[in-house]
Amino acid sequence: MSDSRTFVIIGAGQAGRWIALTLRSEGFAGRIIWLGDETHRAYERPPLSKAVLKGDVSVTQLALIADDAFEKLQIDWRPSQAVESIDRTKRTVRTAAGESIAYDALFLANGGRARQLPGLAPHSRVASLRTYQDALALKRDITAAQHVLVLGGGWIGLEVAASARLLGRAVTLVEAAPRLCLRTVPPCVSAHLLALHAEQGVAVRLGDGVQQVDATDSGVTITLVSGEHLSGDLLVVGIGLVANDALAASAGLAVGNGVLTDSHGRTSDPAIFAAGDVANAERSDGKRMRIESWENAQRQGVAAAKAALGAPHDPGSDGAPWFWSDQYDDNLQLLGLPDESMQVIERHIPARAGAKRGTHLFFFCDGARVRAVAAVNAGREIKIARKWLREDRFPDLAALSDPANDLNKLPLLAAGNSIAATTSI
């Protein structure tokens, strides 16, 4: 069947990939124009702070869609095509090269950019990380450095610090907040991360911000609010992501820390959808959240494509947010949205013979329900907990802390019939 419609995707990342794949898998036979502002086709970004920094990983190896599969999609792919404006009345986008492209449906999957220190001029001794080219430059700079300063104790800062240590560099990490990853994890997980990095030799300064940066051709010195001076060969700024919502805002779309969407990616314009890091989406509980993760970009990309086609949304595709991070020999996974008000049940299994690391789990509970899980080297347990959350059935919470209990064999009851745990760690 022929289809005269043209769908335009802006942004060549994980969300853009799933929009394109879903449009075709749902039977859309019209034209898909995919615009990316980089020279590369869509590629995986999580390895940038890990595998790319530590090894020799090409952008081809990171490709989100293999060449043969991409050809079958019959997509009009246009690299190095930054979009400057959207005309919602004419339903066109205008590129920086001056081309006007008409659309029947438009997808904003243009992600975000690395947040910069206010007033800090670009300098060869100061780096940030967002793209593959950033990663290549950062790898070169870390290799040439002896002492790396990392500003930011969130996920990107911690992963860069871990990669630099594994490359044998001295690392000092500065975080203005009183603990690591304060916005995303409760104190018990922050404490685990701090212990992990201290064990690996990272010098961590918490609760102290940067007052001044002095970069020269020979090195960089930062002055902290406390008055302490730290000197190194390189400063890596990893203080978060800024959503690329200016394009949407200039077109009159509703924005606020990202492009505002419903739970299916619909924006304030019925012909425009948004997904991934740029989308501030409404969740099933009515709250809004902009989630920066691989899985969220996939979910939102699929949902936005289906919404544009009028295809039914699969409720089974919803679920607790999931995130992972590899640091040193540890794989840390976070399922759900924990907060400090929840009861914490801790489960620890020491490293077995021949294993480098043990297993550590934190179950975050509300009443008789497990609401979220933080897992260190416990991929199997995360899969089990995901099933619990999906089915809204849970074991007796008092049994969770005992490592002798196989989580997969614990009887499950509907949450309303479970017995609340009496132990809180």
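Residues numbered from 1 in each chain as written. Predicted model: local features only at pLDDT ≥ 70, side-chain atom pairs only at ≥ 80, totals over all residues. Heavy atoms only, no water.

Quick word on empty space enclosed by the protein
Argument step 1. In total, this model carries one cavity of 30 Å³ or more according to the counting rule given.
Argument step 2. Here the largest cavity defines a volume of roughly 40 Å³. (1 Å grid on protein atoms, 1.4 Å probe; cavity = no way out; pocket = protein on both sides within 12 Å on 5 of 7 lines; lining within 4 Å. Points joined across faces, edges and corners; volume = space filled by probe spheres on them.)

Some words on the sheet that holds strand β6 (residues 100-102)
Argument step 1. Across the sheet, which stays open at both edges, the three strands sit in the order β4-β5-β6 with antiparallel pairing between neighbours. Pairing within the sheet leaves two strands with one partner each, and these edge strands are β4 (83-87) and β6. Adjacent strand axes in the sheet meet at a mean angle of 25°, parallel and antiparallel pairs treated alike.
Argument step 2. Here strand β5 (residues 92-95) pairs with β6 via three bridges, running antiparallel. Bridge pairing in β6 places V93 opposite I101. (Pairing = 2+ DSSP bridges. Helix = DSSP H or I, 4+ residues; strand = E, 2+ residues; numbered from the N terminus. Axes fitted to C-alpha atoms, helices over the stretch in contact; angles between N-to-C directions.)

Considerations on the pairing of strand β14 (residues 219-224)
Argument step 1. Burial analysis of β14 places five of its six residues in the buried class, the great majority of the element.
Argument step 2. Counting the residues between successive antiparallel strands, the hairpin from strand β13 (residues 210-216) to β14 contains two residues.
Argument step 3. Judged from the four bridges that link them, β14 and strand β15 (residues 229-232) form a sheet pairing that is antiparallel. The residue bridging T221 from the neighbouring strand is S231, located in β15.
Argument step 4. Between β14 and β15, which pair antiparallel and follow one another directly, the connecting turn spans four residues, one of which, G227, has a positive phi of 100°. (Buried < 20%, exposed > 50% of the residue type's maximum accessible area, 1.4 Å probe, protein only.)

Overview of the layout of surface pockets
Argument step 1. The volume enclosed by the second largest pocket comes to roughly 1,100 Å³.
Argument step 2. Residue lining of the second largest pocket: 40 residues in total, with R283, S284, G319, A320 and P321 positioned closest to the centre.
Argument step 3. Elements with a minimum of two residues in the lining of the second largest pocket: β20 (279-282), α8 (294-309), β23 (330-336), β26 (369-376) and α9 (379-391).
Argument step 4. If you tally residues by element for the lining of the second largest pocket, the top one is α8, at seven residues.
Argument step 5. Residues of the lining of the second largest pocket, tallied by class, amount to 14 nonpolar, 12 polar and 14 charged. (Nonpolar A, V, L, I, M, F, W, Y, C, P; charged D, E, K, R; others polar.)

Here we look at the pattern of salt bridges
Argument step 1. All chains considered together, the criterion is met by 20 salt bridges.
Argument step 2. The partner of D76 in a salt bridge is R31, and the shortest N-O contact between them spans 2.9 Å. Residue D76 is found in strand β3 (residues 76-78), and its partner R31 is found in strand β2 (residues 31-35); the two are separated by 45 residues along the sequence.
Argument step 3. As a salt-bridge pair, K50 and E159 come within 3.0 Å of each other at their nearest N and O atoms. Of this pair, K50 sits in the loop between β2 and α2 (51-54) while E159 is found in helix α5 (residues 155-166), placing the two residues 109 residues apart along the sequence.
Argument step 4. Using a relative accessible area of 6% as the deciding quantity, one classes E159 as buried.
Argument step 5. Salt bridges sharing partners connect three or more residues here, namely R31, D76, R78 and E99. (Salt bridge = Lys/Arg side-chain N within 4 Å of Asp/Glu carboxyl O.)

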